[in-house]
Amino acid sequence: MKHLRWLLFPVSFLYGSLMSFRNHLYNVGKKPQVEFDRPIISVGNLSMGGTGKTPMIEYLIRLLQNDYHLATLSRGYGRKTSGYRMATETDSAETIGDEPFQYFRKFGTKIAVCVGEERIIAIPSALMEREEIELFLLDDAYQHRKVARDFNILLSDFNHPFYEDYILPTGDLRESRSGAKRADCVIITKSPETLDEQERREIKSNVKTYLGDKPVFFSHITYGVPQLVFEHQASVLTYLDDVVLLTGIADNSVFMTEMASKYKVHKSFVFEDHHSFTLKDMDGIEAYLEQQSKDLPIVTTEKDMVRLLTLADHSLFKKTAVFYIPIQFQLEEEEKFTSRLFKVLEQKKNLN
């Protein structure tokens, strides 16, 4: 497959040229950007999905929620609605998308959770609904340049760094590597906790080829205690020895490795990113489990969990326990990062 993608290099060259021209128009002011009086923090990547944007947004919520009235703004991938929408108790992953619904389930009315394809329209719409919003967190908006941002965070997966990748469709980059220079910092995600200093220096050197003298941070994911998806299931956690995995995320490799290190994995049901689970999907899993000689619980990711909730009445979940594994984003040199971020936010406040 990788060799076949190289046959599409001419398409990558054309697409990359178009993206570079588009970025040039924004850089020289030929395409205008709208600046809002509220601070805008953007989290994004150069590549297609799987770099850890969701845990990064949750990290920022925890960091900032005591100092600001926050709003998250996502496009709402995979939802069955369109246009601007602010989450309420009646919403689900189907109406606002899995990641926004995950934010809403965790933080509820402490923050405003919004979705909208056109951020430039969604931001004023959100302010009309809740004028107390003081700061917006843009989820997956690195290439959405119509809205000016005050702090631009670029994520890059340790296992698939942008500086070793190529533009779509030959590689997975949405734009050229030089796009990294727009970032205020780069965070290398999913790093090993035991990363040695020599490798850190090499990664920083590779990133700074495109980033310049702006900072590079490292982060890793920590996995929490398994949690039951459905409250009506009375299983106990000691039951988790032999398991079946269920995922529908962009990059499940780290999750798979972590689960294989803790449990005996009998089978993995793998779907594409943002997959809307169906009754037929559950029928297939149920049929497999019925053929096994012992009861096997299902273990899934937190993002997949929110998409399973709409299927709670399926017979599979009346006889099979389902657990999700919560994760947290751990940032190294946190004080250096927060100092830089709060300095920018303070400057914005003083301008207004």
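Report follows, based on the coordinates. (Residues numbered from 1 in each chain as written. Predicted model: local features only at pLDDT ≥ 70, side-chain atom pairs only at ≥ 80, totals over all residues. Heavy atoms only, no water.)

Some details on the sheet that holds strand S1 (residues 40-45)
Link 1 in the chain: Strand order in the open sheet made by the 9 strands is S3-S4-S2-S5-S1-S6-S7-S8-S14, with mixed pairing throughout. With partners counted over all chains shown, the strands left at the sheet margins are strand S3 (85-86) and strand S14 (327-331), one partner each.
Link 2 in the chain: As defined by bridge partners, strand S8 (residues 216-223) adjoins S14 across 5 bridges and the pair is classed as antiparallel. Bridged to threonine 222 within S14 is glutamine 328.
Link 3 in the chain: Contacts from helix H6 (residues 119-129) reach S1, strand S2 (70-74), S3, strand S4 (112-115) and strand S5 (135-139), with the element oriented near 145° to S5. (Pairing = 2+ DSSP bridges. Helix = DSSP H or I, 4+ residues; strand = E, 2+ residues; numbered from the N terminus. Contact = heavy atoms within 4.5 Å. Axes fitted to C-alpha atoms, helices over the stretch in contact; angles between N-to-C directions.)

Quick look at helix H12 (residues 334-351)
Link 1 in the chain: Taking 1.5 Å of rise per residue, 18 residues should cover 26 Å, and H12 covers 26 Å from first to last C-alpha, within 8% of that figure.
Link 2 in the chain: For H12, the complete set of buried residues consists of Phe337, Thr338, Leu341, Val344, Leu345 and Lys348. Projected down its long axis, H12 carries its buried residues within an arc of 130°, all on one side. H12 presents Glu335, Lys343 and Asn350 as exposed residues on the side facing more than 90 degrees away from its buried surface. (Expected span 1.5 Å × (residues − 1). Buried < 20%, exposed > 50% of the residue type's maximum accessible area, 1.4 Å probe, protein only. Arc of directions from axis to C-beta.)

Describing the packing of aromatic side chains
Working definition: an aromatic ring pair is given by the centre-to-centre distance plus the angle between the planes.
Link 1 in the chain: For the structure on display, the rule yields 9 aromatic pairs.
Link 2 in the chain: Between tyrosine 59 and phenylalanine 337, the aromatic rings sit 6.3 Å apart at their centres with planes inclined by 55°, giving tilted as the arrangement. On the criterion of sequence distance, the pair formed by tyrosine 59 in helix H3 (residues 53-64) and phenylalanine 337 in helix H12 is long-range, its members being 278 residues apart.
Link 3 in the chain: The class for phenylalanine 337 is buried, based on a relative accessible area of 1%.
Link 4 in the chain: An angle of 75° between the planes, with centres 5.8 Å apart, marks the rings of phenylalanine 162 and tyrosine 163 as edge-to-face. Taken as a pair, phenylalanine 162 and tyrosine 163 share a single burial class, namely buried.
Link 5 in the chain: Feature note: the residues Tyr59, Phe151, Phe217, Phe329 and Phe337 constitute an aromatic cluster, connected by ring pairs.
Link 6 in the chain: Between arginine 200 and the ring centre of phenylalanine 218, over which it is positioned, the NZ or CZ distance is 5.2 Å. (Phe/Tyr/Trp six-rings, centres within 6.5 Å; stacked < 30°, edge-to-face > 60°. Lys NZ or Arg CZ within 6 Å of the ring centre and 35° of its normal.)

Some remarks on the nonpolar core
Link 1 in the chain: In terms of nonpolar packing, the biggest core is built from 68 residues, with Ile41, Met56, Leu60, Leu64, Ile153, Ile187 and Phe337 touching the most fellow members.
Link 2 in the chain: No other element matches the 6 residues that H3 contributes to this core.
Link 3 in the chain: If you look at the next biggest cluster of nonpolar residues, it comprises 18 residues, including Leu46, Ala183, Val186 and Leu211. (Core = buried A, V, L, I, M, F, W, Y, C linked by side-chain atoms within 4.5 Å.)

A look at the sheet that holds strand S13 (residues 322-325)
Link 1 in the chain: Spatial ordering of the open sheet is given by S9-S13-S12-S10-S11, a layout of 5 strands whose pairing is mixed. Because the sheet does not close on itself, it has two edges, and the strands there are strand S9 (227-228) and strand S11 (264-270).
Link 2 in the chain: In this structure, strand S10 (residues 242-247) lies alongside strand S12 (residues 298-301), joined through 3 bridges in parallel fashion. Across the sheet, residue valine 244 finds its bridge partner in S12, namely isoleucine 298.
Link 3 in the chain: Packing of helix H8 (residues 253-262) onto the sheet brings it into contact with S10, S11, S12 and S13, and relative to S10 it is tilted by some 175°.
Link 4 in the chain: Across the face of the sheet, helix H9 (residues 279-290) comes into contact with S10, S11 and S12 while running at roughly 155° to S11.

As for the pairing of S1
Link 1 in the chain: Most of S1 is tucked away, with 6 of its 6 residues classed as buried.
Link 2 in the chain: Of the two faces of S1, the one holding Ile40, Ser42 and Gly44 and the one holding Ile41, Val43 and Asn45 are both buried throughout.
Link 3 in the chain: Both S1 and S5 contribute to a ladder of 4 bridges, which runs parallel. Note that in S5 the partner of valine 43 across the bridge is aspartate 139.

Brief notes about the pattern of salt bridges
Two side chains carrying opposite charge are able to pair once their charged atoms lie near each other.
Link 1 in the chain: Counted by the stated rule, this structure contains 23 salt bridges.
Link 2 in the chain: With a shortest N-O distance of 2.9 Å, glutamate 99 and lysine 303 are connected by a salt bridge. With a gap of 204 residues between them, glutamate 99 in helix H5 (residues 98-107) and lysine 303 in helix H10 (residues 302-308) connect regions that are remote in the sequence. Both residues of the pair, glutamate 99 and lysine 303, belong to the buried class.
Link 3 in the chain: A salt bridge links arginine 130 to glutamate 132; its shortest N-O distance comes to 3.2 Å.
Link 4 in the chain: Since its relative accessible area comes to 23%, arginine 130 is described here as partly exposed.
Link 5 in the chain: The class for glutamate 132 is partly exposed, based on a relative accessible area of 36%.
Link 6 in the chain: Connected via shared salt-bridge partners are Glu35, Asp150 and Lys348. (Salt bridge = Lys/Arg side-chain N within 4 Å of Asp/Glu carboxyl O.)

Here's the deal with the side chain of aspartate 242
Link 1 in the chain: The residue aspartate 242 is located in strand S10 in this model.
Link 2 in the chain: Within the structure, aspartate 242 has its side chain in polar contact with the side chain of histidine 266 (distance 2.8 Å).
Link 3 in the chain: One polar contact links aspartate 242 to lysine 294, side chain to side chain, over a distance of 3.3 Å.
Link 4 in the chain: Once residues within four sequence positions are removed from consideration, aspartate 242 is found in contact with Lys264, His266, Lys294, Leu296 and Pro297. (Polar contact = N/O pair within 3.5 Å; in protein donor to acceptor, adjacent residues only side chain to side chain.)

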